[in-house]
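Observations on the model geometry
Take a look at the letters that make up each chain.
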Amino acid sequence: MIIQKKRNLTLCISPDFLYLCPLMRRSNYDFLTTAPVPKVIGTLAVPTIISMMVTSIYSLADTYFVSQLNTQATAAVGIVFTVMSIFQAMGYFYGTGSGNYIAMSLGAKNASEASRMGFLSFVYAIITGVVLTVVGFLILPNLARWLGSTETIYPYTLEYLSFILLACPFVIGSLTLNLQLRFRGDPFYSMLGILSGAILNISLDPLFIFYLDMGISGAGLATLISQAVSFSVLLTITLRMKSWQIGGKNKDYIALIVKGGTPSITRQGLGTLATLFLNLTAAGFGDAAVAAMSIVTRITFLVYSIVIGLGHGFQPFCGYCYGAKLYDRVIKGFWYSVRVGTIFLTVVAILCFVFTAEIISLFRDDPAVISIGGQALRWQAITYPLGAIMMLSNTMMQTINRPIEANILAAARRGLFFIPFILVLPTFFGLFGLIVTQACADVCAFVMTIVIMSYYRNSKK
């Protein structure tokens, strides 16, 4: 163990994870471009995986605590998740769009360009958040219905959605800052921002929902407060790091944000559209189907968040090494990440098969919800092992500025295949068609990923 005191802060940490503590490490450039690949990706991925898990858990926290109220409230949280996904899509758009350029600029040892990009993208992220909040409130009653609310779910959706709209600027702003810190190679700081909001949200949910008897409004208020706190922490960290610089041609940076961020907004945007179609279709089979599919969607989001966190650990490594023209090192890191992600998802798939009913009943102890959700979870688990190569292929194509391949891969799982399947399968096969839709889309997306990555590999020979 190593113990070091610096700036009145005592640190004690294993040498293998010195990188997690910014006061003790070598420069980001040296570490990302020269250290052993498993060590770099592992140490980058640890805080990002923690961040993604915590984000997913406190997203699930609302579902878990609200599920103690009734089935309609549970369904409302799932329905409003569509709107939250839109906000997250914009955060990923600005954060990843600027982050790719930031990482490659730092890899090419051009810190001033990275700093200018960081500031401009943050400003546009906040403006976008404010605009979406205003528009959301102008169409609030209609929006609650458009999202797929039945008459019994509608009042709960309206209550919860009001708070989520207020949280919009904080959601988009905090995601942008979070991703910029990750791409700079500072995942430890980004983790601090996420953890602060997540812990607060999980603590406030039971207090507001049950103790203060606020019901689903309590869950919304807890989310609003936690997002505001997370945003404040991340903004404070960014300002203290003095990583922003004003200047440069705005139009040039905007074009770079669009180029680097479009795959993220494609992925998140189509995911939002897919969830909307899922809710609307499930509503035709009753409130239990809406609640069940919402629960399975959240569980899958939690599972995949681990691999997304691994991908976010790979991303700054990929950006730095690609910027430094270390192309073989990029490929080596990619396959290492794919292997780790596939092993993890295979283990989770087995657990989901064994403990299906127990997992669903954690969120809603309703026989109809457990029956529908159990079937959907098992079909989804079948394709879990395919997820790592799909997500990491998309991550690499986006990071190395291959926007065409990145956008196709981003659109595949929740767009190109899911939307046609959700429109066709339930029509011909009823509830069973709804249950198997995502699994069918995943298989097709996996095949497309293999074809695109094989083409890319052959084009580089």
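Thresholds applied
- Residues numbered from 1 in each chain as written.
- Predicted model: local features only at pLDDT ≥ 70, side-chain atom pairs only at ≥ 80, totals over all residues.
- Heavy atoms only, no water.
- Helix = DSSP H or I, 4+ residues; strand = E, 2+ residues; numbered from the N terminus.
- Contact = heavy atoms within 4.5 Å.
- pLDDT = per-residue confidence, 0-100.
- Core = buried A, V, L, I, M, F, W, Y, C linked by side-chain atoms within 4.5 Å.
- Buried < 20%, exposed > 50% of the residue type's maximum accessible area, 1.4 Å probe, protein only.
- Salt bridge = Lys/Arg side-chain N within 4 Å of Asp/Glu carboxyl O.

Some points on the side chain of Thr 356
Considering the arrangement of structural elements, one finds Thr 356 in helix H13 (residues 356-361). What Thr 356 contacts, discounting residues up to four positions off in sequence, is Gly 374, Leu 377 and Arg 378.

What about the confidence of the model for the protein chain?
Keep in mind that low pLDDT regions are not for reading the predicted coordinates in detail. In the predicted model, the protein chain carries a mean pLDDT of 82, and the fraction of residues at 70 or more is 90%. Of all secondary-structure elements in the protein chain, the lowest mean pLDDT belongs to strand E2 (residues 9-13), at 38, while helix H12 (residues 327-354) reaches the highest, 92. A low-confidence stretch, residues 1-26 stays under pLDDT 50, and its non-local contacts, those more than four residues away or across chains, total 55 contacts.

Points about the nonpolar core
Membership of the largest hydrophobic core comes to 119 residues, with the highest contact counts inside it found for Leu 161, Phe 314, Tyr 384 and Met 396. Examining the composition of this core, we find that 19 residues originate from one element, helix H11 (residues 287-323), more than from any other. Residues Phe 122, Leu 177, Leu 181 and Leu 234 belong to the second largest nonpolar core, which totals seven residues.

Description of the pattern of salt bridges
One pass over the structure, following the stated rule, counts three salt bridges. Here Arg 145 ties to Glu 151 by a salt bridge, and the two come within 3.0 Å at their closest N and O atoms. A salt bridge links Glu 405 to Arg 402, with the nearest nitrogen and oxygen atoms 2.5 Å apart. Overall, the relative accessible area of 13% leaves Glu 405 in the buried class.

Overview of the environment of Phe 314
Note on placement: Phe 314 falls in helix H11. Placed 134 residues apart in sequence, Phe 314 and Met 448 show a C-alpha to C-alpha distance of 22 Å. With near-sequence residues (within four places) excluded, Phe 314 lies in contact with Ile 41, Val 330, Gly 333, Phe 334, Ser 337, Leu 392, Thr 395 and Met 396.

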